[in-house]
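Chain and residue survey
Take a look at the letters that make up each chain.
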Amino acid sequence: MLYRIVVSVAVLLVALASSSAEQFEHSRAGYVKWAGIHGRSSQPTGGQLRAWMENWVFVQKHNEEKSSTWIAELNKFADMTTAEFKEKILMKNAYIVDPNAKHKKSGHHVVNSDLPAHFDWRSIGGVTPVQDQGFVGTCWAFSTVANIEGQFFQKTNTTIKLSEEYFVDCDGTADPVNNHADCSIFGGWPYVAYQFAINTGGVPSEEAFPYCAGTGDCYPCMNGPVSMCGPPPYTCDRSREALCKASVPVASPKSWRQVSTDETEMAADLVATGPFSVLLDAHNLQFYKGGVWDGSGFQGIGRCSATALDHAVLVTGFGTDGLDYWSLKNSWGADWGENGYFRIMRGTGQCGINSSATTAIL
C-alpha cells in the first residue's frame, strides 16, 4: 500500500537522522546476523538493505503496540518490500464471485451448543506436515492438496501425502465464466484444481511426483491460458509433460462444494467433514510470528481486504484466545509463524477468510 510505503520511509529517515553512525552500523550488523540465519548474502543490494531496515522499523513499532493481539518478527521475508512479497509469494488479486452455483450444496451443520470451544484436526489425523512453497505462487496447489488429503482421511482413516507438483506441472484448467485459471507458479484456484483432479481421475502421491517448483530443482511450464494467467515462464522443461501423462492417482475426488460463509456454520462443517481450503488477503502476513491476527498494528500493518484475495491455505481448527480464532496451515515452511500455522480472528470475515471456503468430495 502506498501510504504504508510513504510512512515507512518517513519513519526510517527520521530514525536514521536522529541516530549516530554507530547505531546505523549496529543496524547493518543486525542485517548480517539475519542474513546468516536465513541463508542470504551478507553483502545485500542497496534495495535489499533498505527494505530490511524499513521492515525492521515496522516490526519494532508494531511490537510496541500494546493493544495488538499478534506479534511480528524479521523472518525470511524481511528483505522484501510489500510489492516484492506480493509478486514472489502471493497470487494475483481477484475479486470474489460465485465460481459455479450448480456445485453448491448445504454443509453438515450442527447447532451452536454442540460446537466445542476448541477443535483441531491436527490432533485427530489427516493433516500432513507443513511444507515450504518457496518463492513462487503455488499456494493454491498446497491448499488444494491439503484439503484432498483431509478428505482422503475422512474416507479411509489413513493419512497420505499427495503431490502439489502434479497440479503445478499439469493443471491448466480454466473457468472462463469467472476469468479464473490455474497458472502453475503464478497462482490458481482450489475449486478449479478440484475440477482438474476430477477430470483426470485423481491425484498421485508426493513420493511419485515430488515438489520441485519452489526449490529450483525443476522448471514447470504453464498450461493455463495466457489470456487469464499472463505470460508463461521464460524458461521451462517440456519433458515434464511425460510425468503428467504417466502419473497414477491414489486419491480421486468425485465432486466439490462451497462451504457456508456463516462462520458458525463453517466451524460446524469443519468438525463434521474435515479441513477445508480458504482464500484470504495475506499481504500483511509477511512478518507474522504468532498470536491472533485481527487487523491491528502499527500504521495499518495488519489491515486487509475482504475481497482482494491473494493466498490459499487450509483451515484445520478453531478456538478462543482472547479472541475467537481460526487455525490455518500455511505453506511458507515450519520456520514461519506458529510452526508453519497462523491464527486469524473468527466471526468477522477477517481478510475474506469466509468468502471462498471449498472442499473436495471423495
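Residues numbered from 1 in each chain as written. Predicted model: local features only at pLDDT ≥ 70, side-chain atom pairs only at ≥ 80, totals over all residues. Heavy atoms only, no water.

Core analysis: the largest hydrophobic core is formed by 48 residues, its most contacted members being L280, L285, W326, L328, F342 and I344. When residues no more than four places from it in sequence are discounted, the contact partners of L280 are L285, W293, L309, D310, H311, V313, F342, I344, C351 and I353. Grouped together as the second largest cluster of nonpolar side chains are 35 residues, A141, I160, F167 and V192 included. (Core = buried A, V, L, I, M, F, W, Y, C linked by side-chain atoms within 4.5 Å. Buried < 20%, exposed > 50% of the residue type's maximum accessible area, 1.4 Å probe, protein only. Contact = heavy atoms within 4.5 Å.)

Despite not being glycine, S184 shows a phi value in the positive range, around 60°. Positionally, S184 belongs in the loop between β4 (180–181) and α7 (190–200). The backbone of C351 sits at a positive phi, close to 60°, despite the residue not being glycine. Among the structural elements, C351 can be located in the loop between β10 (341–345) and β11 (358–361). (Helix = DSSP H or I, 4+ residues; strand = E, 2+ residues; numbered from the N terminus.)

Moving on to the confidence of the model for the chain. Residues with a pLDDT of 70 or more make up 85% of the chain, whose mean pLDDT is 87. Note that residues 1–21 has pLDDT below 50 and, in this model, 27 contacts with residues that lie over four places away or in other chains. In the predicted structure, residues 99–103 sits below a pLDDT of 50 and forms 10 contacts with residues beyond four places in sequence or in another chain. (pLDDT = per-residue confidence, 0-100.)

This next bit is on the layout of surface pockets. Space inside the largest pocket adds up to approximately 320 Å³. Lining the largest pocket are K86, E87, K88, L90, M91, K92, F135, V136, G137, I185 and F186. (1 Å grid on protein atoms, 1.4 Å probe; cavity = no way out; pocket = protein on both sides within 12 Å on 5 of 7 lines; lining within 4 Å. Points joined across faces, edges and corners; volume = space filled by probe spheres on them.)

Attention now moves to helix α3 (residues 46–63). It helps to recall that an α-helix has 3.6 residues per turn; residues three or four apart then point in one direction. For α3, spanning 18 residues, the distance from its first C-alpha to its last is 26 Å, which sits close to the expected 26 Å at 1.5 Å a residue. Within α3 the residues assigned to the buried category are L49, A51, W52, M53, E54, N55, V57, F58, V59 and H62. (Expected span 1.5 Å × (residues − 1).)

We now examine the state of the cysteines. Considering all chains together, one arrives at five disulfides under this definition. Disulfide pairing places C170 opposite C244 at an S-S distance of 2.0 Å. Every disulfide takes its handedness from the sign of the S-S torsion; for C170 and C244 that torsion is -90°, giving left-handed. Within this pair, whereas C170 is found in helix α6 (residues 165–170), its partner C244 is found in helix α9 (residues 241–246), the two being separated by 74 residues in sequence. Of the two residues, C170 and C244, neither departs from the other in class, the shared state being buried. Here C304 engages in a disulfide with C351; their sulfurs sit 1.9 Å apart. (Disulfide = S-S within 2.5 Å.)

Here the focus is the pattern of salt bridges. This structure, assessed with the given rule, holds 14 salt bridges. Its salt-bridge partner being D79, residue R40 comes within 3.0 Å of it at the nearest N-O pair. With R40 in the loop between α2 (21–38) and α3 and D79 in the loop between β1 (70–72) and α4 (82–88), this pair connects stretches of sequence that are 39 residues apart. Under the relative-accessibility criterion, D79 is labelled buried at 5%. With a closest N to O distance of 3.2 Å, K76 and D335 form a salt bridge. A residue pair is termed long-range when its members are at least 10 positions apart, and K76 in the loop between β1 and α4 and D335 in the loop between β9 (323–329) and β10 qualify at 259 residues. Note on K76: relative accessible area 9%, which makes it buried. (Salt bridge = Lys/Arg side-chain N within 4 Å of Asp/Glu carboxyl O.)

Our focus in this paragraph is the environment of L90. Looking at the element boundaries, L90 is found in the loop between α4 and β2 (119–120). L90 gets classed as buried once you look at its relative accessible area, which sits at 4%. It is 9.9 Å that separates the C-alpha atoms of L90 and I185, two residues lying 95 residues apart in sequence. Those residues in contact with L90 that sit more than four places away from it in its chain are F85, G137, A282, H283, D310, H311 and W332.

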